[in-house]
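Summary of structural features
This is what each chain is made of:
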Amino acid sequence: KERGWGAAPYFYLFQDFWCPSNYIQGVFNFQKFFQTKEDDVFVASFPKSGTTWLKALTFAIVKRQHFASVENHPLLTSIPHALVPSPELTMDADIYDQIGHLSQMTEPRVVATHIPYPSLPKSIMESSSRIIYICRNPFDTFVSAWTFSSKANSASSASLTLEEAFEMFCKGIVYFGPWWSHMLSYWQESKTNPNKVLFLKYEDLKEDINFQVKRIAEFLGCPFSEEEESNGVMESIIKLCSFEKMKDLDVNKFGSHFKIIDNKHFFRKAEIGDWINYFSPSMVEKLSKVIEQKLSGSGLSFKIQY
Ligand code: A3P
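To keep things clear, this report deals only with the structure shown in the data block. (Residues numbered from 1 in each chain as written. Predicted model: local features only at pLDDT ≥ 70, side-chain atom pairs only at ≥ 80, totals over all residues. Heavy atoms only, no water.)

1. Things to note about the overall build of the protein chain
Using the following cut-off: Each helix is a run of DSSP H or I of at least 4 residues and each strand a run of E of at least 2, with the numbering of both proceeding from the N terminus. Under the counting rule used here, the positive set is Lys and Arg, the negative set is Asp and Glu, and His together with the chain ends is not counted. One atom stands in for each charge, and that atom is NZ of Lys, CZ of Arg, CG of Asp or CD of Glu.
What the protein chain contains, in helices and strands, is 16 helices and seven strands. Reported as C-alpha extents along the three principal axes, the dimensions of the protein chain are approximately 55 × 45 × 40 Å. Treating the 32 positive side-chain charges of the protein chain as one cloud and the 35 negative ones as another, the clouds have centres 4 Å apart.

2. Quick notes on the pattern of salt bridges
Close approach of charged atoms allows side chains of opposite charge to pair. This is how it is decided: Each reported salt bridge corresponds to a side-chain nitrogen of Lys or Arg within 4 Å of a carboxyl oxygen of Asp or Glu. The classification of residues rests on relative accessible area computed with a 1.4 Å probe and restricted to protein chains. Under 20% of the type maximum is buried, over 50% is exposed, and intermediate values are partly exposed.
Under the definition given, this model contains eleven salt bridges. Across the salt bridge formed by E207 and K303, the nearest N and O atoms sit 3.7 Å from each other. One end of the pair, E207, is in helix α10 (residues 202–207); the other, K303, is in the segment after α16 (281–295), and 96 residues separate them in sequence. Assigned by exposure class, E207 and K303 land together as exposed. Each of R268, K269 and D274 takes part in one network of salt bridges that share partners.

3. So, unusual backbone geometry
Here the residue pair E107 and P108 is connected by a cis peptide bond, since its omega of -5° sits within 30 degrees of zero. Within the fold, P108 resides in the loop between α5 (95–104) and β5 (110–113). With an omega of 0°, the peptide bond running from G177 to P178 counts as cis. Mapped onto the fold, P178 is located in the loop between α8 (162–170) and α9 (179–192). Located in the positive-phi region is K48, a residue other than glycine, with phi close to 75°. Structurally, K48 can be placed in the loop between β4 (41–45) and α2 (51–62). Relative accessible area serves as the criterion here: at 16%, K48 is assigned to the buried category. Even without being glycine, F176 reaches a positive phi, approximately 60°. The exposure class of F176 is buried, given its relative accessible area of 1%.

4. Structural notes on the packing of aromatic side chains
The condition that has to hold: Any pair of Phe, Tyr and Trp rings, taking the six-membered ring for Trp, is counted once the centres come within 6.5 Å. Such a pair is stacked with planes under 30 degrees apart, edge-to-face with planes over 60 apart, and tilted for the rest.
In the structure shown here, the tally under the stated rule is 26 aromatic pairs. Arranged with centres 6.2 Å apart and planes meeting at 75°, the rings of W5 and F142 form a pair that is edge-to-face. Of this pair, W5 sits in the loop between β1 (2–3) and β2 (10–14) while F142 sits in helix α7 (residues 138–149), and the two are 137 residues apart along the sequence. On the accessibility criterion, F142 (0% relative accessible area) is buried. Here F166 and F279 contribute two aromatic rings whose centre-to-centre distance is 5.4 Å and whose plane-to-plane angle is 85°, an arrangement assigned as edge-to-face. In this pair, F166 sits in helix α8 while F279 sits in the loop between α15 (250–254) and α16, placing the two residues 113 residues apart along the sequence. Per residue, the accessibility class of F166 equals that of F279, and both read buried.

5. Let's talk about the pairing of β2
Threshold: For two strands to be treated as a pair, DSSP must find no fewer than two bridges joining them.
Across two bridges, β1 lies against β2 in antiparallel orientation. Bridge pairing in β2 links R3 to Y10. Taking the residues between adjacent antiparallel strands as the criterion, β1 and β2 are bridged by six residues, where G6 takes a positive phi near 60°. Here β2 pairs with strand β3 (residues 17–20) via four bridges, running antiparallel. Across the sheet, residue F11 finds its bridge partner in β3, namely P20.

6. Brief notes about the site of the ligand
This is how the line gets drawn: Each residue is tested against the molecule or strand, and it is near if at least one of its non-hydrogen atoms lies within 4 Å. Within 3.5 Å is the distance limit for a polar contact, defined as a pair of N or O atoms, with the added protein rule that one can donate a hydrogen and the other accept it, and that residues adjacent in sequence qualify only through two side-chain atoms. Residue-level accessible areas treat just the shown protein chains as cover; the underlying method is Shrake-Rupley with a 1.4 Å probe. Polar here means any residue other than Ala, Val, Leu, Ile, Met, Phe, Trp, Tyr, Cys and Pro, which are nonpolar, and Asp, Glu, Lys and Arg, which are charged; Gly is therefore polar.
As a matter of local geometry, the ligand sits amid 17 residues, with T51, T52, S144, K269 and A270 nearest to it. Here an oxygen atom of the ligand and a side-chain polar atom of S144 are 2.6 Å apart. Bound to the protein, the ligand loses 97% of the 560 Å² it would expose on its own. When residues of the shell around the ligand are assigned to their parent elements, the largest contribution, three residues, is made by α2. A class-by-class count of the residues in the shell around the ligand yields seven nonpolar, six polar and four charged.

7. Brief notes about the state of the cysteines
The following threshold applies: Note on terminology: disulfide denotes any pair of cysteine sulfur atoms within 2.5 Å.
Within this structure, the stated rule accounts for zero disulfides. Cysteine C135 is unpaired, with the sulfur of C170 as its nearest cysteine sulfur at 17 Å. Judged by its relative accessible area of 0%, C135 falls in the buried class.

Here you go:
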């Protein structure tokens, strides 16, 4: 058991990952009660790596036949977290509501999780469902996590200084951490089972969103047709899910989907390299060493601009 950050008073080492105390019951219930359907699509991520963006993109890609017109698209009036539920974050007190809600979602369902690969509900692994995973360079992930956790609304919120949080992050003690084992669990699965797991990096989406959106659609077995490309269907999805568009929607500016945090905090800067405004030279040195040590030999790496 360790001191927590943000809305989690503690982190517990649970099945080899650091589970926030406020989500332990939710993780347990998800593992125990969730029933995977064969055509389910999972958006898996390390927290603060672009989950909200990937939820929006995946939902819009998978459901594009249902919402021909962008003018009345549900992403204009609902935060992506409301359309793509994260069962372990909500299957706590309202577990029966959640089971009902999940079983009534229109298929194919898009469902999200922050649980590391080895701890996913067994039925996900045993089904033909697919997983799209996103992670982000640890420098920006840390800054995004720390700024986000300092915004928690909860009365029990644990506020840590940047330095305290950084020490914990380097030890892997962070929501669903260690981050290196989280990333490596999906990385390795994507190598051995490429039809099951598509591994993405936030930076790659920022660099070439057209290419990555095509990749996602192909992976999910619903590639964009030539007609869709020439009619601008893909472009309109990319625009709808863009940071500039989403940040400006009333639902994302004023709502509070997860009661412990306002929606607006999911849309901060969305930049690569903002860490430079927070890191001292010794922090840079320390995190660079941890990255090198933990990821070496795995083939997984991040381009970091010093
Ligand atoms: P910053 O804190 O660096 O701004 P998550 O969705 O996993 O919680 O990740 C949040 C990060 O993704 C935040 O990064 C946020 O600004 C960024 N983000 C949210 N929506 C986005 C979008 N539509 N496009 C790109 N980045 C987005």
